[in-house]
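# Observations on the three-dimensional arrangement
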Amino acid sequence: MATEPSAAASQRAVENLAAKLRRRQVVGSRETALETVLVLRQVVSKARFSNIDQLVEIIRSVGRKLVEAQPKEYTVGNTVRKVLHHIREEYHTASQGTTAPPTSKPTFSIAKFVSQGQPRKQATPQKISHEARGTLKENNPDDPDAFARTLKPVLMEAIQDVFDELETVYDNISKNAKDHIHSDEIILTIGKSNTVAAFLKSAAPYRKYTVIVAETAPSYSGHEMAELLSSAGISTVLVPDSSIYALMSRINKVILGAHAILANGGMFAITGSLLAATAARAHSTPVVVCAGQFKLTPQWNLYHEYGALDFGDPSSVLGFEEGDLVDKVDVLNPFYDYVRPEMIDAYVTNDGDHPPSSVYRLIKEAYDDEDYEL
């Protein structure tokens, strides 16, 4: 009976986060991912399970509930997949300690590489103590909680690793910024992105450059971005979106943020990103996207012209006071643009730089195939 209040508490935490996601009270991909990890950590710490399949189903059910609350916030599902991947790795490491003879060395082939991706590095078995190895037993009728008791410490450690990766994502993306930005360059960016801001600010002590920020109507988040960069001592110019194409011939590099990176190498990004990427392609200007690997999502955008069909209030584009005009036009105000992979030159992530063609391999390494559909 002692576990019932704790189970109810974790259930309340899931419901609270789902309600916040539904109302858009949690804003930003990283903040959403951090909240998801904290809830999953609480769920795992309070869960009762006697085998790994029960634990996976518990986490999946939580993931489904959170994803249904806000389907357009892809980092929720990505974080759940990442946690499941880490949990399986820890379980396999622990169970290898209880099995008898080691299996023969696996053989690698081109066919297996194409179907399964790059072989994953085996997790080091030091995390499981010798005592734990001897007692890891699933579906123990004498002590149903023994499996959970033995495995939970390393599972909490694995979830903490995911949390730490999210905490340090800005620093890890920004550490090589000075290699991408050169002196006297003119750089264009769109709207406000914390990742791009951290990237640009980390290069400021080493390089002297100018950033042109498009104001990104109708949200005008570019104003906040311009203030952020200017306060860091970076030469910043704020321009209207209509000037992007005219200025592109003077731009050396376009640096964008991403809302989600899709399996084909394309991305959903703030409205205006497609405009900037199209102008950059016409002028052969490189487009660099700064994004953490937690934004990698095994999704495709095959049918929709607008990113994820997620629209904002049209009155912010054309107010109802324009009565005569409102009746004659359809107003679309998408939150995100879909930028095709051929318009992007490189992704700068917390695990190095990658071309769009390598995204599928990164997804293979980050998530398990069975978790693509939660």
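Residues numbered from 1 in each chain as written. Predicted model: local features only at pLDDT ≥ 70, side-chain atom pairs only at ≥ 80, totals over all residues. Heavy atoms only, no water.

## Notes on the pattern of salt bridges
Counted under the stated rule, the structure contains 12 salt bridges. As a salt-bridge pair, glutamate 15 and lysine 65 come within 3.2 Å of each other at their nearest N and O atoms. Taken together, the positions of glutamate 15 in helix α1 (residues 3-22) and lysine 65 in helix α3 (residues 52-69) put the pair 50 residues apart, joining distant regions of the chain. On the basis of relative accessible area, glutamate 15 is assigned to the partly exposed category, the value being 37%. For lysine 65, a relative accessible area of 29% gives the class partly exposed. Put simply, arginine 361 and glutamate 365 hold a salt bridge, and the shortest N to O gap is 3.0 Å. On the criterion of helical spacing, the pair formed by arginine 361 and glutamate 365 is a turn pair, its members being 4 residues apart in helix α15 (residues 359-366). The class for glutamate 365 is partly exposed, based on a relative accessible area of 25%. (Salt bridge = Lys/Arg side-chain N within 4 Å of Asp/Glu carboxyl O. Helix = DSSP H or I, 4+ residues; strand = E, 2+ residues; numbered from the N terminus. Buried < 20%, exposed > 50% of the residue type's maximum accessible area, 1.4 Å probe, protein only.)

## Quick word on the sheet that holds strand β5 (residues 260-261)
Reading across the sheet, the 3 strands line up as β5-β6-β8 and stay open at both edges, with antiparallel pairing between neighbours. Where the open sheet ends on each side, the last strands, each with one partner, are β5 and β8 (336-339). Of the strands in this sheet, β6 (267-270) and β8 are in contact with helix α13 (residues 273-282), which crosses β8 at around 30 degrees. (Pairing = 2+ DSSP bridges. Contact = heavy atoms within 4.5 Å. Axes fitted to C-alpha atoms, helices over the stretch in contact; angles between N-to-C directions.)

## Side note on the pairing of strand β4 (residues 253-257)
Of all 5 residues making up β4, 5 are buried, and the element is well covered by its neighbours. Burial along β4 is two-sided: the residues Lys253, Ile255 and Gly257 and Val254 and Leu256 are all buried. Pairing geometry for strand β1 (residues 186-190) and β4, over 2 bridges, is parallel. Residue pairing in the sheet places leucine 188 in a bridge with valine 254 of β4. Looking at chain direction, β4 and strand β7 (residues 287-290) are connected through 4 bridges and run parallel. When the sheet's bridge partners are listed, leucine 256 is paired in β7 with valine 289.

## Brief notes about α13
Residue pairs three or four apart in sequence face the same way in an α-helix, which turns once every 3.6 residues. Among the residues of α13, those classed as buried are Ser273, Ala276, Ala277, Ala279 and Ala280. Along the long axis of α13, the arc covered by the buried residues comes to 165 degrees, so they all point the same way. Of the surrounding secondary structure, the elements contacted by the buried residues of α13 are β1, α12 (244-247), β4, β6, β7 and β8. (Arc of directions from axis to C-beta.)

## Observations regarding the packing of aromatic side chains
Applying the stated criterion to the full structure yields 5 aromatic pairs. Look at phenylalanine 335 and tyrosine 336: their rings are 6.2 Å apart centre to centre, the planes differ by 40 degrees, and that puts the pair in the tilted class. Residue phenylalanine 335 is classed as partly exposed on the basis of its relative accessible area, which comes to 35%. Residue classification places tyrosine 336 among the buried residues on the basis of a relative accessible area of 13%. Through successive ring pairs, a cluster of aromatic residues spans Phe49, Tyr91 and Phe147. The ring of phenylalanine 163 carries arginine 41 above its face, with NZ or CZ at 5.5 Å from the centroid. Of note, lysine 178 hangs over the ring of tyrosine 206, and the distance from its end group to the ring centre comes to 5.1 Å. (Phe/Tyr/Trp six-rings, centres within 6.5 Å; stacked < 30°, edge-to-face > 60°. Lys NZ or Arg CZ within 6 Å of the ring centre and 35° of its normal.)

## Regarding the packing of α3 against helix α4 (residues 74-96)
Where α3 meets α4, the closest approach of the two axes is 9 Å, and the angle between their N-to-C directions is 170 degrees. In this view, α3 runs roughly antiparallel relative to α4, as classed from their interaxial angle. Across the interface between the two elements, Ile52, Leu55, Val56, Ile59, Arg60, Gly63, Leu66 and Val67 from α3 touch Val76, Gly77, Val80, Leu84, Ile87, Arg88 and Tyr91 from α4. Among the residues making up the contact of α3 with α4, the classes are represented as 11 nonpolar, 2 polar and 2 charged. (Parallel < 35°, antiparallel > 145°, perpendicular 65-115°, else oblique. Nonpolar A, V, L, I, M, F, W, Y, C, P; charged D, E, K, R; others polar.)

## Some thoughts on the confidence of the model for the chain
Considering every residue of the chain, the mean pLDDT works out to 84; 83% of them sit at 70 or more. Scored below 50 in pLDDT, residues 98-105 makes 2 contacts in the model with residues more than four places away or belonging to other chains. This model gives residues 121-134 a pLDDT under 50, and the stretch forms 16 contacts once residues within four places in sequence are excluded. (pLDDT = per-residue confidence, 0-100.)

## Section: unusual backbone geometry
Cis peptide bonds are those with omega within 30 degrees of zero, and the linkage from alanine 217 to proline 218 qualifies with 5 degrees. Summarising the element assignment, proline 218 is placed in the loop between β2 (210-214) and α11 (221-231). Although it is not a glycine, arginine 24 adopts a positive phi angle of roughly 60 degrees. For arginine 24, the location among the structural elements is in the loop between α1 and α2 (29-46). For arginine 24, a relative accessible area of 37% puts it in the partly exposed group.

## A word on helix α10 (residues 194-203)
Burial of α10 is extensive: 7 of the 10 residues sit out of reach of the surface. Residues of α10 that are buried include every one of Thr195, Val196, Ala197, Ala198, Phe199, Leu200 and Ala203, and no others.

## Some thoughts on the sheet that holds strand β3 (residues 235-239)
Hydrogen bonds between backbone groups are what pair the strands of a sheet, and the pairing can be parallel or antiparallel. Reading across from one edge, β3-β2-β1-β4-β7-β9-β10 is the order of the 7 strands in this open sheet, with mixed pairing throughout. For this open sheet the edge positions go to β3 and β10 (352-354), each flanked by a neighbour on one side alone. Adjacent strand axes in the sheet meet at a mean angle of 25 degrees when their direction is disregarded. Where α10 meets the sheet, its contacts fall on β1, β2, β4, β7 and β9 (346-349), and the angle it forms with β4 comes to roughly 135 degrees.

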